[in-house]
Amino acid sequence: MKEGKIIAISNQKGGTAKTTSTFSLGVALAKKGQKVLLVDADPQGDLTTYMGWHNVDEIPITLATLMQDSITDKDVNPKEAILHHSEGVDLIPSNLELSSLEVSLVNAMSREYTMKNVLNGLKKDYDYVLIDCMPSLGMITINALACADKVIIPVQSQFLATKGMGHLLQTVIKVRKKINPNLEVGGILLSLVDERTKLARNIRQELNDTYGMVFKIFDTQIPRAIKIAESTAQGQSIFSYDKNSKVALAYENFAKEVLKDGTKEKHRPNNIQVR
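Owing to the predicted nature of the structure, the values given are computational and were not obtained by experimental measurement.

Thresholds applied
Residues numbered from 1 in each chain as written. Predicted model: local features only at pLDDT ≥ 70, side-chain atom pairs only at ≥ 80, totals over all residues. Heavy atoms only, no water. Helix = DSSP H or I, 4+ residues; strand = E, 2+ residues; numbered from the N terminus. Rg over C-alpha atoms; globule rule 2.2 N^0.38 Å. Contact = heavy atoms within 4.5 Å. Areas by Shrake-Rupley, 256 points an atom, 1.4 Å probe, with all protein chains shown as cover. Lys, Arg positive; Asp, Glu negative; His and termini not counted. Charge placed at Lys NZ, Arg CZ, Asp CG, Glu CD. Salt bridge = Lys/Arg side-chain N within 4 Å of Asp/Glu carboxyl O. Buried < 20%, exposed > 50% of the residue type's maximum accessible area, 1.4 Å probe, protein only. Pairing = 2+ DSSP bridges. Phe/Tyr/Trp six-rings, centres within 6.5 Å; stacked < 30°, edge-to-face > 60°. Expected span 1.5 Å × (residues − 1). Arc of directions from axis to C-beta. Axes fitted to C-alpha atoms, helices over the stretch in contact; angles between N-to-C directions. Parallel < 35°, antiparallel > 145°, perpendicular 65-115°, else oblique. Left-handed = near helix turned anticlockwise from the far one by under 90°. Nonpolar A, V, L, I, M, F, W, Y, C, P; charged D, E, K, R; others polar. pLDDT = per-residue confidence, 0-100.

A. The arrangement of the overall build of the chain in detail. When its secondary structure is counted, the chain shows 11 helices and eight strands. Taking 19 Å as the expected radius of gyration for a compact globule of 275 residues, we find that the chain reaches 18 Å, a close match to that expectation. Dimensions of the chain, computed from the C-alpha atoms along their principal axes, are close to 55 × 45 × 35 Å. Expressed as a percentage of contacts within the chain between residues at least 6 apart in sequence, the contacts between residues at least 24 apart total 80%. Summing over all exposed atoms, the chain offers an accessible surface of approximately 12900 Å²; the carbon and sulfur share of this is 48%. Of the charged side chains in the chain, 34 are positive and 31 negative, and the gap between their average positions amounts to 9 Å.

B. Fine view of the pattern of salt bridges. Considering all chains together, one arrives at eight salt bridges under this definition. Via salt bridges that share partners, Lys216, Glu257 and Asp261 belong to a single interconnected network.

C. Fine view of the pairing of strand 1 (residues 5-9). Of all five residues that make up strand 1, four are buried, and the element is covered over most of its length. In terms of strand pairing, strand 1 meets strand 6 (residues 150-156) through three bridges, oriented parallel. Bridge pairing links Ile7 to Lys150 in strand 6.

D. Representation of the packing of aromatic side chains within the structure. Inspection of the entire model under this criterion finds three aromatic pairs. With centroids separated by 6.3 Å and ring planes inclined at 45°, the aromatic side chains of Tyr211 and Phe215 adopt a geometry described as tilted. Given the relative accessible area of 4%, Tyr211 is considered buried. Seen in terms of ring centroids, Phe218 and Phe254 are 4.9 Å apart; in terms of plane orientation they differ by 85°. Their pairing is edge-to-face. With Phe218 in strand 8 (residues 217-223) and Phe254 in helix 11 (residues 246-263), this residue pair connects regions lying 36 residues apart in the sequence.

E. Broad picture of helix 8 (residues 198-211). Compared with the 20 Å implied by 1.5 Å per residue over 14 residues, the 20 Å span of helix 8 between its first and last C-alpha is a close match. When we look at burial in helix 8, the residues that qualify are Ala200, Ile203, Arg204, Leu207 and Tyr211. What you see down the axis of helix 8 is that its buried residues fit within an arc of 95°, all on one side. Opposite the buried face of helix 8, at more than 90 degrees from it, the exposed residues are Lys198 and Arg201.

F. Geometry of the packing of helix 6 (residues 139-147) against helix 7 (residues 165-178). Helix 7 packs onto helix 6 with a crossing angle of 55° between their chain directions and a minimal axis gap of 10 Å. By the angle between their directions, the pair helix 6 and helix 7 is classed as oblique. Our pair here, helix 6 against helix 7, has a crossing hand that is right-handed. Only Thr171, Val172 and Val175 of helix 7 make contact with helix 6, whose side of the interface consists of Ile142, Leu145 and Ala146. Its residues placed into classes, the contact of helix 6 with helix 7 shows five nonpolar, one polar and no charged.

G. Examining the sheet that holds strand 5 (residues 128-133) more closely. As summarised here, the arrangement of the eight strands in space is 3-4-2-5-1-6-7-8, forming an open sheet in which the pairing is mixed. Each edge of the sheet is formed by a strand with only one pairing partner; in this case those strands are strand 3 (83-84) and strand 8. Contacts from helix 11 reach strand 1, strand 5, strand 6, strand 7 (184-193) and strand 8, with the element oriented near 160° to strand 8.

H. Quick look at the packing of helix 3 (residues 63-71) against helix 4 (residues 97-105). With their axes 9 Å apart at the nearest point, helix 3 and helix 4 run at an angle of 20° to one another. Relative to helix 4, the element helix 3 lies roughly parallel. As for how helix 3 packs across helix 4, the hand of that crossing is left-handed. Across the interface between the two elements, Leu63, Ala64, Thr65, Met67, Gln68 and Ile71 from helix 3 touch Glu97, Leu98, Leu101, Ser104 and Leu105 from helix 4. Partitioned by chemical class, the residues of the contact of helix 3 with helix 4 number seven nonpolar, three polar and one charged.

I. View of the confidence of the model for the chain. When pLDDT is averaged along the chain, the result is 89; 92% of the residues meet or exceed 70. pLDDT under 50 marks residues 266-271. Its contacts with residues more than four places away, or in other chains, come to eight contacts.

Written as structure tokens, this is what we have:
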């Protein structure tokens with residue numbers, strides 16, 4: 001049986017629409033007939049809250065619960081943690097317990113593979129597993145990269161947008177060399193774009209000049225829009241809140257690009273040098 005792809009959505013810089021992109025991409029893929037699991041790997045639980053579960057501290061089984069069971073060699077049943085959203089995607093939720101779990105990982109055996117041990121049994125049940133990573137390069141994010149097939153990097157369209165990207169890409173390269181040789185950079189997604197400004201065009205050109213020769217830069221750009229903030233407050237994706245908006249159309253196009261890459265994988269060199 002063909003196993004699903006695990007994609008980590010990661011950037012250690014906050015404010016890049018990472019959580020919004022995880023949820024929106026997940027729903028867009030589900031609308032195209034894909035079975036999708038979202039994994040909230042941020043102790044703040046923003047993805048969990050966005051999807052409508054506001055009392056995150058009252059959720060009995062979370063990602064931290066599953067990873068703790070794995071660390072202590074207990075039987076791990078990830079299906080017990082799955083929550084079902086009305087828009088056709090599933091979720092493994094998270095809360096602040098994940099912060100404590102990260103401390104426990106320091107002394108755990110095979111600590112980089114804990115999340116992989118949790119998610120491996122679910123790959124056969126989904127076409128895509130999307131992990132919303134926390135805005136840091138700590139052990140939880142390393143775990144996400146260790147079990148991912150690809151990492152997608154959202155980058156905000158603003159001054160110094162690419163600052164720090166080199167650190168993330170170097171981390172990806174190290175993870176690929178030492179932990180997960182199958183990890184690829186799935187692409188860079190330009191988000192929160194104000195297409196009226198010259199700055200947005202300059203940022204895209206900077207990304208193309210710096211990274212375009214070795215990494216895919218998605219054709220789709222996610223526009224800045226107040227509708228996203230409004231949909232977040234309602235626990236709805238942009239497709240339910242305003243399906244005809246520019247943001248909804250952009251995420252639909254983004255999903256098409258992800259699906260296209262999934263059916264025809266692009267070969268990238270393994271000896272990538274980040275400038």
